[in-house]
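# Fold and contact review
Residue-level listing of the chains:
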Amino acid sequence: MTALAALIRRDIRVALRVGGGALIGVLFFLTVVVLMPFAVGPDLALLTRLGPAILWLGALLASLLTLDRLFAADHDDGSLDLIVMSRTPLELACATKAIAHWLAAGLPLILATPILGLLLNLDAAATFAVALTLLAGTPALTFTGMIGAALAVTLHRGGLLLAVLVLPLSIPVLIFGVAASDAAISGPLSFGTPFSILCALSLISFVVGPFAAAASLRHGLD
């Protein structure tokens, strides 16, 4: 547990450094949300209706933007080989790195949601609902994206492959995240059903993601 806690602290420090990727994701999320009102126009009702989808789409793209740094930095400096050969199970190390990545790159997106909701004419209750769905759904984006990051880390120009692999797997999370947000804001569907499915997707990805990523790393580094 001490080694895993040290790995979390190390990954968070690396992600928060200049060029680490976490700040880039937040800035990209901010850029997408700020530009949308200019593209949609001054129709406040339309902005309110599209607000949850815009926030979720921005969070999805921002998460995808930072996923390539999940294993790439460790692969470049050789520490990934040490992680693979250590006594700590590789599946547990992958889960730890995904948690650290979510804390550094995913949690700031959730914290920025209340401020960005004002730009989309969302009230406090609507913004809280979107932030709650992001809190439940962004771990699924991270743990699912970890599989693509593990597959792409040993490939030349693997970032292109990462986008192709991760985007189809992220569509169910996007669908139920937006559905839960819309249900909480305007109905008529119940908020509990899509939100429960969103939580289930995160739990499934938490179980499957580390094992699939560890298998991909072992195969790619052999």
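Just so you know, these numbers come straight off a predicted model, no measurement behind them.

## Notes on empty space enclosed by the protein
Applying the stated criterion across every chain, the model contains one cavity of 30 Å³ or more. Elements with a minimum of two residues in the lining of the largest cavity: helix 3 (44–66), helix 6 (90–119) and helix 7 (124–152). Per-element accounting of the lining of the largest cavity gives the leading share, four residues, to helix 6.

## With respect to the pattern of salt bridges
What the rule picks out here adds up to one salt bridge. Between Arg218 and Glu91 there is a salt bridge whose closest N-O contact spans 3.1 Å. Of this pair, Arg218 sits in helix 9 (residues 192–221) while Glu91 sits in helix 6; the two residues are 127 residues apart in sequence, bridging distant segments of the chain. Looking at Arg218, the relative accessible area reads 36%, which means it is partly exposed.

## Some thoughts on helix 3
Between its first and last C-alpha, helix 3 extends 31 Å over 23 residues, near the 33 Å set by a 1.5 Å rise per residue. The sharpest bend along helix 3 comes to roughly 50 degrees, located at Leu50, with the proline Pro52 sitting one to four residues further on.

What counts, and where the lines are drawn
- Residues numbered from 1 in each chain as written.
- Predicted model: local features only at pLDDT ≥ 70, side-chain atom pairs only at ≥ 80, totals over all residues.
- Heavy atoms only, no water.
- 1 Å grid on protein atoms, 1.4 Å probe; cavity = no way out; pocket = protein on both sides within 12 Å on 5 of 7 lines; lining within 4 Å.
- Points joined across faces, edges and corners; volume = space filled by probe spheres on them.
- Helix = DSSP H or I, 4+ residues; strand = E, 2+ residues; numbered from the N terminus.
- Salt bridge = Lys/Arg side-chain N within 4 Å of Asp/Glu carboxyl O.
- Buried < 20%, exposed > 50% of the residue type's maximum accessible area, 1.4 Å probe, protein only.
- Expected span 1.5 Å × (residues − 1).
- Bend = angle between axes of the 7 residues up to and from the residue.

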